[in-house]
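A closer look at the structure
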Amino acid sequence: MTVIPGSDGRNYIDWIEEMIDSINDGILVIDVEGVVQFVNKEYTNITGVKEADIVGQPLAEVRKGAVLPNALKDGKRREGVYRKEGEVEYIIDTAPVYKGEEIVGAVSVCKSLNEVHYLTRELHRSQERIARLEKAVGTINRAKYTFENIIGREGGLRSTIELAKKAAHSNLNILIQGESGTGKELFAHALHNESDRASLPFIPINCAAIPSSLLESELFGYEEGSFTSSKKGGKVGLFELADHGTLFLDEIGDMPYDLQAKLLRVLQERSVRKVGGLMEKEINIKIIAATNKDLVRLVEKDRFREDLYYRLSGIPISVPPLRDRKEDIPLYIDYVIEKEQAGGSAVRLKEDVMRVLKQYDWPGNARELIHSVQYALSMTETTFIELENLPEVIYHHVSKTSIPQQQTLKEMIRNIEQEIIWETIQIYGDTLKGKKKAADRLGISLATLYNKLEV
Ligand SMILES: Nc1ncnc2c1ncn2[C@@H]1O[C@H](COP(=O)(O)OP(=O)(O)OP(=O)(O)O)[C@@H](O)[C@H]1O
Ligand SMILES: [Mg+2]
(Lines give C-alpha, C1' and ligand atoms only; values in the text may rest on other atoms or scores of the structure.)
(Ligands and ions follow the chains in the order given, each with its own letter.)
Protein backbone atom coordinates (compact mmCIF):
# COMPACT_ATOMS: atom_id res chain seq x y z
CA MET A 1 0.00 0.00 0.00
CA THR A 2 1.18 3.53 -0.73
CA VAL A 3 2.43 5.44 2.27
CA ILE A 4 1.29 9.05 2.38
CA PRO A 5 2.86 10.96 5.25
CA GLY A 6 0.45 13.16 7.24
CA SER A 7 1.15 16.79 8.01
CA ASP A 8 2.30 15.81 11.54
CA GLY A 9 4.53 13.14 10.06
CA ARG A 10 2.26 10.28 11.03
CA ASN A 11 1.60 7.45 8.62
CA TYR A 12 -1.56 8.47 6.74
CA ILE A 13 -2.74 4.88 6.13
CA ASP A 14 -2.38 4.06 9.85
CA TRP A 15 -4.38 7.14 10.59
CA ILE A 16 -7.19 6.07 8.21
CA GLU A 17 -7.17 2.53 9.65
CA GLU A 18 -7.44 3.87 13.18
CA MET A 19 -10.31 6.07 12.14
CA ILE A 20 -12.13 3.16 10.44
CA ASP A 21 -11.48 0.99 13.50
CA SER A 22 -13.19 3.52 15.71
CA ILE A 23 -16.40 3.40 13.64
CA ASN A 24 -19.27 1.62 15.35
CA ASP A 25 -20.22 -0.39 12.25
CA GLY A 26 -18.31 -3.40 10.87
CA ILE A 27 -16.46 -2.75 7.60
CA LEU A 28 -15.12 -5.31 5.12
CA VAL A 29 -13.30 -4.49 1.86
CA ILE A 30 -12.53 -6.91 -0.99
CA ASP A 31 -10.54 -6.31 -4.17
CA VAL A 32 -11.79 -7.02 -7.66
CA GLU A 33 -10.75 -10.68 -7.30
CA GLY A 34 -12.94 -11.06 -4.23
CA VAL A 35 -9.96 -11.30 -1.88
CA VAL A 36 -10.39 -9.65 1.52
CA GLN A 37 -8.15 -6.60 1.84
CA PHE A 38 -9.35 -5.08 5.03
CA VAL A 39 -11.66 -5.58 8.03
CA ASN A 40 -12.08 -3.19 10.93
CA LYS A 41 -12.34 -4.11 14.64
CA GLU A 42 -16.12 -3.88 14.80
CA TYR A 43 -16.40 -6.38 11.91
CA THR A 44 -14.42 -8.93 13.91
CA ASN A 45 -16.49 -8.11 17.02
CA ILE A 46 -19.78 -8.64 15.23
CA THR A 47 -18.89 -11.76 13.22
CA GLY A 48 -16.41 -13.30 15.65
CA VAL A 49 -13.99 -13.87 12.70
CA LYS A 50 -10.29 -13.20 13.41
CA GLU A 51 -8.57 -10.65 11.16
CA ALA A 52 -5.70 -13.06 10.44
CA ASP A 53 -8.15 -15.77 9.29
CA ILE A 54 -9.88 -13.61 6.71
CA VAL A 55 -7.54 -10.92 5.34
CA GLY A 56 -5.78 -12.16 2.20
CA GLN A 57 -8.35 -14.96 1.68
CA PRO A 58 -11.05 -15.15 -1.02
CA LEU A 59 -14.21 -14.01 0.81
CA ALA A 60 -16.50 -16.55 -0.89
CA GLU A 61 -14.35 -19.35 0.55
CA VAL A 62 -13.93 -18.16 4.12
CA ARG A 63 -17.46 -16.77 4.50
CA LYS A 64 -19.91 -19.10 2.82
CA GLY A 65 -22.99 -17.29 1.57
CA ALA A 66 -21.29 -13.89 1.66
CA VAL A 67 -23.27 -11.40 -0.44
CA LEU A 68 -20.48 -8.91 -1.08
CA PRO A 69 -18.94 -10.73 -4.11
CA ASN A 70 -22.28 -10.15 -5.93
CA ALA A 71 -21.43 -6.45 -6.04
CA LEU A 72 -18.39 -7.27 -8.15
CA LYS A 73 -20.54 -9.22 -10.60
CA ASP A 74 -23.52 -6.91 -11.10
CA GLY A 75 -22.12 -3.59 -9.86
CA LYS A 76 -25.26 -3.07 -7.71
CA ARG A 77 -25.62 -1.62 -4.23
CA ARG A 78 -27.64 -3.58 -1.71
CA GLU A 79 -29.14 -2.26 1.56
CA GLY A 80 -30.43 -3.91 4.70
CA VAL A 81 -29.51 -7.51 3.81
CA TYR A 82 -30.23 -9.71 6.84
CA ARG A 83 -27.66 -12.32 7.90
CA LYS A 84 -27.56 -14.70 10.84
CA GLU A 85 -24.62 -16.76 11.98
CA GLY A 86 -25.16 -18.80 15.11
CA GLU A 87 -26.52 -16.39 17.71
CA VAL A 88 -25.31 -13.34 15.82
CA GLU A 89 -27.74 -11.42 13.65
CA TYR A 90 -26.72 -8.45 11.57
CA ILE A 91 -27.73 -6.39 8.61
CA ILE A 92 -25.40 -5.43 5.78
CA ASP A 93 -25.21 -2.68 3.17
CA THR A 94 -22.93 -3.55 0.25
CA ALA A 95 -21.57 -1.43 -2.61
CA PRO A 96 -19.05 -1.80 -5.44
CA VAL A 97 -16.01 0.49 -5.44
CA TYR A 98 -15.39 2.18 -8.79
CA LYS A 99 -12.26 3.74 -10.17
CA GLY A 100 -13.64 5.71 -13.07
CA GLU A 101 -15.85 3.30 -15.00
CA GLU A 102 -14.12 0.23 -13.66
CA ILE A 103 -15.00 -1.86 -10.59
CA VAL A 104 -11.89 -2.24 -8.45
CA GLY A 105 -13.42 -3.83 -5.40
CA ALA A 106 -16.41 -3.80 -3.03
CA VAL A 107 -17.17 -2.72 0.52
CA SER A 108 -19.73 -3.91 3.04
CA VAL A 109 -20.89 -2.18 6.20
CA CYS A 110 -22.64 -4.29 8.81
CA LYS A 111 -24.52 -3.49 12.02
CA SER A 112 -25.24 -5.97 14.77
CA LEU A 113 -28.95 -6.55 15.34
CA ASN A 114 -28.31 -7.50 18.95
CA GLU A 115 -27.90 -3.84 19.71
CA VAL A 116 -31.01 -3.01 17.68
CA HIS A 117 -32.92 -5.74 19.56
CA TYR A 118 -31.66 -4.37 22.86
CA LEU A 119 -32.73 -0.85 21.96
CA THR A 120 -36.11 -2.09 20.72
CA ARG A 121 -36.64 -3.99 23.97
CA GLU A 122 -35.66 -0.92 25.97
CA LEU A 123 -38.05 1.18 23.90
CA HIS A 124 -40.91 -1.27 24.52
CA ARG A 125 -40.14 -1.33 28.20
CA SER A 126 -40.18 2.46 28.35
CA GLN A 127 -43.41 2.61 26.36
CA GLU A 128 -45.04 0.13 28.73
CA ARG A 129 -43.88 2.15 31.72
CA ILE A 130 -45.26 5.33 30.20
CA ALA A 131 -48.59 3.61 29.47
CA ARG A 132 -48.77 2.31 33.07
CA LEU A 133 -47.95 5.72 34.51
CA GLU A 134 -50.43 7.44 32.21
CA LYS A 135 -53.09 4.98 33.33
CA ALA A 136 -52.22 5.56 36.99
CA VAL A 137 -52.31 9.32 36.57
CA GLY A 138 -55.54 8.97 34.63
CA THR A 139 -57.25 7.00 37.40
CA ILE A 140 -55.92 9.27 40.12
CA ASN A 141 -57.38 12.29 38.42
CA ARG A 142 -60.72 10.80 37.46
CA ALA A 143 -64.02 11.15 39.24
CA LYS A 144 -65.35 7.68 40.04
CA TYR A 145 -69.10 8.16 40.37
CA THR A 146 -71.87 9.48 38.19
CA PHE A 147 -75.48 10.43 38.95
CA GLU A 148 -76.38 6.84 38.06
CA ASN A 149 -74.69 5.84 41.31
CA ILE A 150 -76.78 8.19 43.44
CA ILE A 151 -79.91 6.54 44.74
CA GLY A 152 -82.97 8.58 45.51
CA ARG A 153 -86.63 8.55 44.54
CA GLU A 154 -89.38 11.10 44.06
CA GLY A 155 -90.20 12.72 47.36
CA GLY A 156 -86.71 11.73 48.52
CA LEU A 157 -83.35 12.71 47.10
CA ARG A 158 -84.58 12.96 43.49
CA SER A 159 -85.15 16.74 43.53
CA THR A 160 -81.63 17.33 44.90
CA ILE A 161 -80.22 15.11 42.15
CA GLU A 162 -82.13 17.10 39.51
CA LEU A 163 -80.84 20.40 40.92
CA ALA A 164 -77.29 19.03 40.96
CA LYS A 165 -77.54 17.92 37.31
CA LYS A 166 -78.38 21.51 36.34
CA ALA A 167 -75.57 22.85 38.51
CA ALA A 168 -73.10 20.52 36.80
CA HIS A 169 -73.58 22.33 33.50
CA SER A 170 -72.91 25.74 34.98
CA ASN A 171 -69.43 27.14 35.48
CA LEU A 172 -70.33 28.59 38.87
CA ASN A 173 -68.63 27.16 41.95
CA ILE A 174 -70.72 24.67 43.87
CA LEU A 175 -71.03 24.32 47.61
CA ILE A 176 -72.45 21.01 48.87
CA GLN A 177 -73.68 20.99 52.43
CA GLY A 178 -75.17 18.12 54.36
CA GLU A 179 -74.70 15.93 57.40
CA SER A 180 -72.01 13.29 57.50
CA GLY A 181 -72.79 10.27 55.32
CA THR A 182 -75.43 11.95 53.14
CA GLY A 183 -73.39 11.38 49.99
CA LYS A 184 -71.65 14.75 49.45
CA GLU A 185 -68.54 13.14 48.04
CA LEU A 186 -70.67 11.07 45.69
CA PHE A 187 -72.33 14.27 44.47
CA ALA A 188 -68.95 15.98 43.92
CA HIS A 189 -67.78 13.13 41.67
CA ALA A 190 -71.07 13.01 39.79
CA LEU A 191 -71.09 16.80 39.31
CA HIS A 192 -67.69 16.67 37.66
CA ASN A 193 -68.56 13.67 35.50
CA GLU A 194 -71.76 15.32 34.30
CA SER A 195 -69.95 18.58 33.42
CA ASP A 196 -68.15 19.41 30.19
CA ARG A 197 -64.92 19.08 32.20
CA ALA A 198 -65.52 15.34 32.66
CA SER A 199 -62.52 14.25 30.62
CA LEU A 200 -60.26 16.72 32.41
CA PRO A 201 -58.72 16.32 35.87
CA PHE A 202 -60.82 15.93 39.00
CA ILE A 203 -58.54 16.73 41.91
CA PRO A 204 -59.92 16.06 45.39
CA ILE A 205 -58.31 17.32 48.56
CA ASN A 206 -59.56 16.80 52.08
CA CYS A 207 -58.85 20.04 53.94
CA ALA A 208 -59.40 18.33 57.31
CA ALA A 209 -57.04 15.42 56.68
CA ILE A 210 -53.94 17.44 55.79
CA PRO A 211 -52.08 19.36 58.52
CA SER A 212 -52.67 23.06 57.99
CA SER A 213 -48.92 23.66 57.72
CA LEU A 214 -48.84 21.45 54.60
CA LEU A 215 -52.15 22.45 53.06
CA GLU A 216 -50.83 25.65 51.52
CA SER A 217 -47.93 23.98 49.71
CA GLU A 218 -50.24 21.14 48.58
CA LEU A 219 -52.60 23.65 47.03
CA PHE A 220 -50.16 26.23 45.69
CA GLY A 221 -47.02 24.11 45.15
CA TYR A 222 -43.58 25.58 45.80
CA GLU A 223 -40.39 26.55 44.06
CA GLU A 224 -37.22 24.57 44.71
CA GLY A 225 -35.41 25.71 47.85
CA SER A 226 -38.31 27.76 49.21
CA PHE A 227 -37.94 26.00 52.60
CA THR A 228 -35.56 23.53 54.17
CA SER A 229 -37.50 20.32 53.49
CA SER A 230 -38.59 21.37 49.99
CA LYS A 231 -38.09 18.84 47.22
CA LYS A 232 -35.58 19.25 44.44
CA GLY A 233 -37.30 20.72 41.43
CA GLY A 234 -40.10 22.15 43.60
CA LYS A 235 -43.68 20.90 43.56
CA VAL A 236 -46.71 21.43 41.36
CA GLY A 237 -49.71 22.51 43.41
CA LEU A 238 -53.21 21.07 43.15
CA PHE A 239 -54.59 24.31 41.70
CA GLU A 240 -52.26 23.85 38.76
CA LEU A 241 -52.98 20.11 38.48
CA ALA A 242 -56.69 20.87 38.35
CA ASP A 243 -56.26 23.45 35.59
CA HIS A 244 -59.19 23.21 33.14
CA GLY A 245 -60.78 20.62 35.43
CA THR A 246 -62.36 20.58 38.88
CA LEU A 247 -60.79 21.04 42.29
CA PHE A 248 -62.87 19.34 44.98
CA LEU A 249 -62.24 20.99 48.34
CA ASP A 250 -63.74 18.48 50.76
CA GLU A 251 -64.34 19.50 54.39
CA ILE A 252 -63.90 23.15 53.41
CA GLY A 253 -65.20 24.16 56.86
CA ASP A 254 -61.88 22.94 58.26
CA MET A 255 -59.70 25.17 56.09
CA PRO A 256 -57.46 27.38 58.28
CA TYR A 257 -58.62 30.99 58.40
CA ASP A 258 -55.44 32.53 56.95
CA LEU A 259 -55.47 30.09 54.03
CA GLN A 260 -59.08 31.05 53.30
CA ALA A 261 -57.87 34.54 52.32
CA LYS A 262 -55.31 33.03 49.93
CA LEU A 263 -57.94 30.76 48.39
CA LEU A 264 -60.25 33.72 47.92
CA ARG A 265 -57.47 35.59 46.12
CA VAL A 266 -56.99 32.68 43.70
CA LEU A 267 -60.71 32.59 42.96
CA GLN A 268 -60.85 36.34 42.37
CA GLU A 269 -57.66 36.71 40.34
CA ARG A 270 -57.97 33.33 38.55
CA SER A 271 -54.24 32.90 38.92
CA VAL A 272 -51.83 31.23 41.36
CA ARG A 273 -48.30 31.83 42.54
CA LYS A 274 -46.21 29.04 44.02
CA VAL A 275 -44.86 29.38 47.56
CA GLY A 276 -41.49 31.12 47.18
CA GLY A 277 -42.27 31.93 43.54
CA LEU A 278 -42.57 35.20 41.67
CA MET A 279 -44.52 34.15 38.59
CA GLU A 280 -48.31 34.27 38.48
CA LYS A 281 -49.88 31.47 36.44
CA GLU A 282 -53.37 31.85 35.04
CA ILE A 283 -55.68 28.98 35.85
CA ASN A 284 -59.16 27.95 34.86
CA ILE A 285 -60.72 25.75 37.52
CA LYS A 286 -64.16 24.98 38.80
CA ILE A 287 -64.40 24.60 42.55
CA ILE A 288 -66.71 22.12 44.21
CA ALA A 289 -66.54 22.48 47.98
CA ALA A 290 -68.27 20.29 50.56
CA THR A 291 -68.75 20.38 54.28
CA ASN A 292 -70.88 18.84 57.00
CA LYS A 293 -70.40 21.96 59.11
CA ASP A 294 -72.87 24.82 59.20
CA LEU A 295 -70.83 27.43 57.32
CA VAL A 296 -73.23 30.27 58.16
CA ARG A 297 -72.68 29.58 61.86
CA LEU A 298 -68.92 29.47 61.27
CA VAL A 299 -69.16 32.84 59.51
CA GLU A 300 -71.08 34.25 62.49
CA LYS A 301 -68.38 32.96 64.81
CA ASP A 302 -65.67 34.51 62.60
CA ARG A 303 -64.21 31.14 61.82
CA PHE A 304 -65.06 31.21 58.14
CA ARG A 305 -64.65 34.23 55.86
CA GLU A 306 -67.96 35.60 54.68
CA ASP A 307 -66.53 36.78 51.33
CA LEU A 308 -65.16 33.28 50.64
CA TYR A 309 -68.48 31.72 51.64
CA TYR A 310 -70.26 33.79 48.96
CA ARG A 311 -67.59 33.04 46.37
CA LEU A 312 -67.87 29.30 46.94
CA SER A 313 -71.63 29.08 47.06
CA GLY A 314 -72.28 30.04 43.43
CA ILE A 315 -74.82 27.21 43.48
CA PRO A 316 -75.51 25.83 46.94
CA ILE A 317 -76.68 22.24 47.15
CA SER A 318 -78.05 20.99 50.39
CA VAL A 319 -78.25 17.21 50.71
CA PRO A 320 -81.07 16.38 53.14
CA PRO A 321 -80.49 13.92 55.97
CA LEU A 322 -81.93 10.44 55.59
CA ARG A 323 -84.43 10.89 58.42
CA ASP A 324 -86.11 13.63 56.33
CA ARG A 325 -86.53 11.36 53.30
CA LYS A 326 -87.41 7.96 54.60
CA GLU A 327 -88.96 7.11 51.21
CA ASP A 328 -85.40 6.41 50.06
CA ILE A 329 -84.72 3.77 52.73
CA PRO A 330 -86.14 0.73 50.84
CA LEU A 331 -84.10 1.75 47.76
CA TYR A 332 -80.83 1.70 49.70
CA ILE A 333 -81.73 -1.66 51.24
CA ASP A 334 -82.53 -3.24 47.86
CA TYR A 335 -79.33 -1.76 46.46
CA VAL A 336 -77.16 -3.31 49.19
CA ILE A 337 -78.90 -6.68 49.06
CA GLU A 338 -78.55 -6.82 45.29
CA LYS A 339 -74.90 -5.83 45.44
CA GLU A 340 -73.92 -8.16 48.28
CA GLN A 341 -76.01 -11.12 47.24
CA ALA A 342 -75.27 -11.01 43.53
CA GLY A 343 -76.24 -14.41 42.14
CA GLY A 344 -77.29 -15.73 45.54
CA SER A 345 -80.78 -16.27 46.95
CA ALA A 346 -82.62 -13.01 47.54
CA VAL A 347 -82.66 -12.08 51.20
CA ARG A 348 -85.79 -10.41 52.53
CA LEU A 349 -86.53 -8.22 55.50
CA LYS A 350 -89.04 -9.31 58.07
CA GLU A 351 -91.85 -6.77 58.16
CA ASP A 352 -90.93 -5.43 61.60
CA VAL A 353 -87.34 -4.83 60.45
CA MET A 354 -88.42 -2.42 57.74
CA ARG A 355 -90.63 -0.59 60.21
CA VAL A 356 -87.73 -0.23 62.64
CA LEU A 357 -85.38 0.99 59.94
CA LYS A 358 -87.93 3.63 59.03
CA GLN A 359 -88.32 4.68 62.65
CA TYR A 360 -84.65 5.01 63.43
CA ASP A 361 -83.32 8.51 62.75
CA TRP A 362 -80.01 7.60 61.07
CA PRO A 363 -77.48 10.08 62.48
CA GLY A 364 -74.89 8.54 60.10
CA ASN A 365 -77.32 8.83 57.16
CA ALA A 366 -76.90 6.66 54.01
CA ARG A 367 -73.45 5.51 55.13
CA GLU A 368 -74.89 4.13 58.39
CA LEU A 369 -77.87 2.51 56.64
CA ILE A 370 -75.67 0.84 54.02
CA HIS A 371 -73.31 -0.49 56.69
CA SER A 372 -76.22 -1.69 58.83
CA VAL A 373 -77.70 -3.70 55.97
CA GLN A 374 -74.28 -5.14 55.11
CA TYR A 375 -73.86 -6.04 58.78
CA ALA A 376 -77.29 -7.69 58.99
CA LEU A 377 -76.60 -9.67 55.83
CA SER A 378 -73.47 -11.11 57.35
CA MET A 379 -75.26 -11.91 60.63
CA THR A 380 -78.28 -13.73 59.31
CA GLU A 381 -78.01 -17.44 58.72
CA THR A 382 -81.30 -17.66 56.85
CA THR A 383 -82.80 -15.84 53.90
CA PHE A 384 -84.39 -13.28 56.23
CA ILE A 385 -83.04 -10.31 58.07
CA GLU A 386 -84.54 -10.23 61.54
CA LEU A 387 -84.46 -7.53 64.22
CA GLU A 388 -81.67 -9.22 66.12
CA ASN A 389 -79.48 -9.23 62.99
CA LEU A 390 -79.34 -5.44 63.05
CA PRO A 391 -76.39 -3.60 64.64
CA GLU A 392 -76.73 -3.27 68.39
CA VAL A 393 -77.23 0.49 68.36
CA ILE A 394 -80.35 0.11 66.21
CA TYR A 395 -81.56 -2.99 68.00
CA HIS A 396 -81.31 -1.20 71.36
CA HIS A 397 -83.03 1.82 69.95
CA VAL A 398 -85.87 -0.49 68.94
CA SER A 399 -86.24 -2.08 72.34
CA LYS A 400 -86.39 1.37 73.90
CA THR A 401 -89.08 2.55 71.54
CA SER A 402 -91.16 -0.61 72.31
CA ILE A 403 -92.85 -0.80 68.96
CA PRO A 404 -95.69 -3.22 69.66
CA GLN A 405 -97.36 -0.65 71.90
CA GLN A 406 -97.52 1.74 68.97
CA GLN A 407 -99.36 -0.79 66.84
CA THR A 408 -103.02 -1.54 66.59
CA LEU A 409 -104.20 -5.08 67.31
CA LYS A 410 -104.82 -5.57 63.59
CA GLU A 411 -101.22 -4.61 62.79
CA MET A 412 -99.87 -6.89 65.48
CA ILE A 413 -101.91 -9.83 64.22
CA ARG A 414 -100.79 -9.15 60.63
CA ASN A 415 -97.16 -9.10 61.75
CA ILE A 416 -97.46 -12.36 63.62
CA GLU A 417 -99.25 -13.95 60.66
CA GLN A 418 -96.52 -12.80 58.31
CA GLU A 419 -93.82 -14.15 60.57
CA ILE A 420 -95.52 -17.55 60.74
CA ILE A 421 -95.95 -17.62 56.96
CA TRP A 422 -92.33 -16.66 56.29
CA GLU A 423 -91.09 -19.27 58.73
CA THR A 424 -93.23 -21.93 57.02
CA ILE A 425 -91.92 -20.85 53.63
CA GLN A 426 -88.45 -21.27 55.00
CA ILE A 427 -89.21 -24.89 55.80
CA TYR A 428 -90.51 -25.68 52.29
CA GLY A 429 -88.30 -23.29 50.29
CA ASP A 430 -88.77 -19.82 48.84
CA THR A 431 -89.99 -21.09 45.45
CA LEU A 432 -93.44 -21.30 43.95
CA LYS A 433 -93.58 -25.00 44.84
CA GLY A 434 -92.39 -24.27 48.39
CA LYS A 435 -94.98 -21.52 48.81
CA LYS A 436 -97.76 -23.83 47.60
CA LYS A 437 -96.72 -26.43 50.18
CA ALA A 438 -96.51 -23.76 52.90
CA ALA A 439 -100.01 -22.54 51.98
CA ASP A 440 -101.32 -26.17 52.14
CA ARG A 441 -99.61 -26.70 55.48
CA LEU A 442 -101.24 -23.55 56.89
CA GLY A 443 -104.62 -24.38 55.36
CA ILE A 444 -104.82 -21.26 53.17
CA SER A 445 -104.80 -20.71 49.42
CA LEU A 446 -101.69 -19.54 47.59
CA ALA A 447 -103.47 -16.27 46.76
CA THR A 448 -104.25 -15.67 50.44
CA LEU A 449 -100.63 -16.41 51.31
CA TYR A 450 -99.44 -13.74 48.84
CA ASN A 451 -102.12 -11.39 50.10
CA LYS A 452 -101.09 -11.73 53.70
CA LEU A 453 -97.43 -11.22 52.81
CA GLU A 454 -98.42 -8.15 50.80
CA VAL A 455 -96.18 -9.18 47.95
N1 LIG B 1 -77.66 8.64 47.52
C2 LIG B 1 -76.74 7.68 47.65
N3 LIG B 1 -76.77 6.63 46.81
C4 LIG B 1 -75.86 5.62 46.94
N5 LIG B 1 -74.91 5.60 47.88
C6 LIG B 1 -74.85 6.61 48.74
C7 LIG B 1 -75.75 7.70 48.67
N8 LIG B 1 -75.46 8.58 49.64
C9 LIG B 1 -74.40 8.05 50.29
N10 LIG B 1 -74.02 6.89 49.74
C11 LIG B 1 -72.91 6.04 50.19
O12 LIG B 1 -72.70 6.34 51.55
C13 LIG B 1 -71.32 6.46 51.83
C14 LIG B 1 -71.01 7.87 52.34
O15 LIG B 1 -71.14 8.81 51.29
P16 LIG B 1 -70.15 10.05 51.17
O17 LIG B 1 -68.78 9.68 51.54
O18 LIG B 1 -70.38 10.67 49.85
O19 LIG B 1 -70.75 10.95 52.34
P20 LIG B 1 -70.33 12.40 52.81
O21 LIG B 1 -71.56 13.22 52.79
O22 LIG B 1 -69.18 12.88 52.00
O23 LIG B 1 -69.91 12.13 54.32
P24 LIG B 1 -68.84 12.89 55.25
O25 LIG B 1 -69.42 14.24 55.59
O26 LIG B 1 -68.75 12.01 56.45
O27 LIG B 1 -67.60 12.98 54.47
C28 LIG B 1 -70.59 6.13 50.57
O29 LIG B 1 -70.22 4.78 50.61
C30 LIG B 1 -71.60 6.39 49.49
O31 LIG B 1 -71.35 5.59 48.38
MG1 LIG C 1 -67.23 13.33 52.57
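Bear in mind the structure is a predicted one, so any value in this text is a computation, not a measurement.

Conventions adopted
- Residues numbered from 1 in each chain as written.
- Chains lettered and ligands numbered in written order.
- Predicted model: local features only at pLDDT ≥ 70, side-chain atom pairs only at ≥ 80, totals over all residues.
- Heavy atoms only, no water.
- Helix = DSSP H or I, 4+ residues; strand = E, 2+ residues; numbered from the N terminus.
- Rg over C-alpha atoms; globule rule 2.2 N^0.38 Å.
- Buried < 20%, exposed > 50% of the residue type's maximum accessible area, 1.4 Å probe, protein only.
- Contact = heavy atoms within 4.5 Å.
- Areas by Shrake-Rupley, 256 points an atom, 1.4 Å probe, with all protein chains shown as cover.
- Lys, Arg positive; Asp, Glu negative; His and termini not counted.
- Charge placed at Lys NZ, Arg CZ, Asp CG, Glu CD.
- Patch = residues over 30% accessible without salt bridge, like charges linked within 9 Å, V, L, I, M, F, W, Y side chains within 5 Å.
- Salt bridge = Lys/Arg side-chain N within 4 Å of Asp/Glu carboxyl O.
- Phe/Tyr/Trp six-rings, centres within 6.5 Å; stacked < 30°, edge-to-face > 60°.
- Lys NZ or Arg CZ within 6 Å of the ring centre and 35° of its normal.
- Core = buried A, V, L, I, M, F, W, Y, C linked by side-chain atoms within 4.5 Å.
- Domains from an automatic or database assignment.
- Pairing = 2+ DSSP bridges.
- Near = heavy atom within 4 Å.
- Polar contact = N/O pair within 3.5 Å; in protein donor to acceptor, adjacent residues only side chain to side chain.
- 1 Å grid on protein atoms, 1.4 Å probe; cavity = no way out; pocket = protein on both sides within 12 Å on 5 of 7 lines; lining within 4 Å.
- Sits in = over half its atoms within 2 Å of the grid points.
- Points joined across faces, edges and corners; volume = space filled by probe spheres on them.
- Nonpolar A, V, L, I, M, F, W, Y, C, P; charged D, E, K, R; others polar.

Here we take up the overall build of the chain. Counting secondary structure elements, the chain contains 20 helices and 16 strands. A compact globule built from 455 residues would reach a C-alpha radius of gyration of about 23 Å, whereas the chain, at 40 Å, exceeds it by more than 25%. Reported as C-alpha extents along the three principal axes, the dimensions of the chain are approximately 125 × 70 × 35 Å. Out of the 455 residues in the chain, the part that is buried amounts to 40%. Sequence separation of 24 or more characterises 62% of the internal contacts of the chain that already satisfy a separation of 6 or more. Roughly 26,000 Å² of accessible area belongs to the chain as shown, and the carbon and sulfur atoms make up 51% of that amount. Positive and negative side-chain charges in the chain, numbering 60 and 70 respectively, have mean positions lying 5 Å apart.

Turning next to a nonpolar patch on the surface. Together, Tyr12, Trp15 and Met19 make up a nonpolar patch on the protein surface, roughly 290 Å² of accessible area in all. In this fold, Met19 is placed in helix α1 (residues 12-21).

Per the stated rule, a full pass over the model turns up six aromatic pairs. Look at Phe147 and Phe187: their rings are 6.4 Å apart centre to centre, the planes differ by 70 degrees, and that puts the pair in the edge-to-face class. With a gap of 40 residues between them, Phe147 in the loop between α6 (113-140) and α7 (158-168) and Phe187 in helix α8 (residues 184-194) connect regions that are remote in the sequence. Accessibility classification places Phe147 together with Phe187 in one group, the buried group. Judged by centre distance (5.3 Å) and plane angle (65 degrees), the rings of Tyr309 and Tyr310 are edge-to-face. The aromatic ring of Phe384 is capped on one face by Lys350, whose charged end is 5.2 Å from the ring centroid.

In this section: the nonpolar core. Of all hydrophobic cores here, the largest spans 44 residues; its most connected members are Ile176, Phe187 and Leu191. For this core, the secondary structure elements donating two or more residues are α7, β6 (174-178), α8, β13 (286-291), β14 (315-319), α14 (329-340), α15 (351-359) and α16 (365-379). Taken domain by domain, this core gets at least three of its residues from each of domain 2 (147-320) and domain 3 (323-453). With near-sequence residues (within four places) excluded, Phe187 lies in contact with Phe147, Ile150, Leu157, Thr160, Ile161, Ala164, Ile176 and Val319. The next biggest cluster of nonpolar side chains, apart from the first, holds 31 residues, and it includes Leu215, Ile252, Ile285 and Leu298.

Quick look at the pairing of strand β10 (residues 246-250) now. β10 sits mainly inside the fold: five of its five residues count as buried. By the alternation rule, side chains of β10 split into Thr246, Phe248 and Asp250 and Leu247 and Leu249, which are all buried. Examined bridge by bridge, strand β7 (residues 202-206) and β10 share five bridges and lie parallel to one another. Across the sheet, Ile203 pairs through a bridge with Leu247, a residue of β10. Relative to β13, β10 is paired through four bridges, and the arrangement is parallel. Across the sheet, Leu247 pairs through a bridge with Ile287, a residue of β13.

Turning our eyes to something else, we now look at the site of ligand 1. In the vicinity of ligand 1 lie 18 residues, with Ile151, Ser180, Gly181, Lys184 and Arg367 positioned nearest. Here Tyr332 contributes a side-chain N or O atom positioned 3.0 Å from a nitrogen atom of ligand 1. Contact between ligand 1 and Arg367: an oxygen atom at 2.9 Å from a side-chain N or O atom of the residue. The fraction of the free accessible surface of ligand 1 (630 Å²) that becomes covered by protein chains is 84%. Judged by the fraction of its atoms near the pocket grid, ligand 1 is located in the largest pocket.

Now for the domain arrangement of the chain. When cut into domains, the chain gives domain 1 (12-115), domain 2 (147-320) and domain 3 (323-453). On a C-alpha basis, the centroid separation for the pair domain 1 and domain 3 is 88 Å.

A few words now on the environment of Ile394. Assignment of secondary structure puts Ile394 in helix α17 (residues 392-401). Residue contacts for Ile394: discarding those within four places in its chain leaves Val356, Tyr360, Trp362 and Ser372.

We now examine the pattern of salt bridges. Oppositely charged side chains can pair when the atoms bearing their charge come close. As enumerated under the stated definition, the model contains 16 salt bridges in all. The partner of Glu280 in a salt bridge is Arg273, and the shortest N-O contact between them spans 3.6 Å. The closest approach of N and O atoms between Asp307 and Arg305, which form a salt bridge, is 3.0 Å. Given a relative accessible area of 33%, Asp307 falls into the partly exposed group. A cluster of three or more residues bridged by salt bridges with shared partners is formed by Glu240, Asp243 and Lys281.

Bringing empty space enclosed by the protein into the picture now. Across all of its chains, the model carries three cavities of 30 Å³ or more by this definition. Quantified by volume, the largest cavity comes out at close to 100 Å³. Residue assignment for the lining of the largest cavity shows that the elements contributing at least two residues are β4 (88-99) and β5 (102-112). Among the residues forming the lining of the largest cavity, the class breakdown is nine nonpolar, one polar and two charged.

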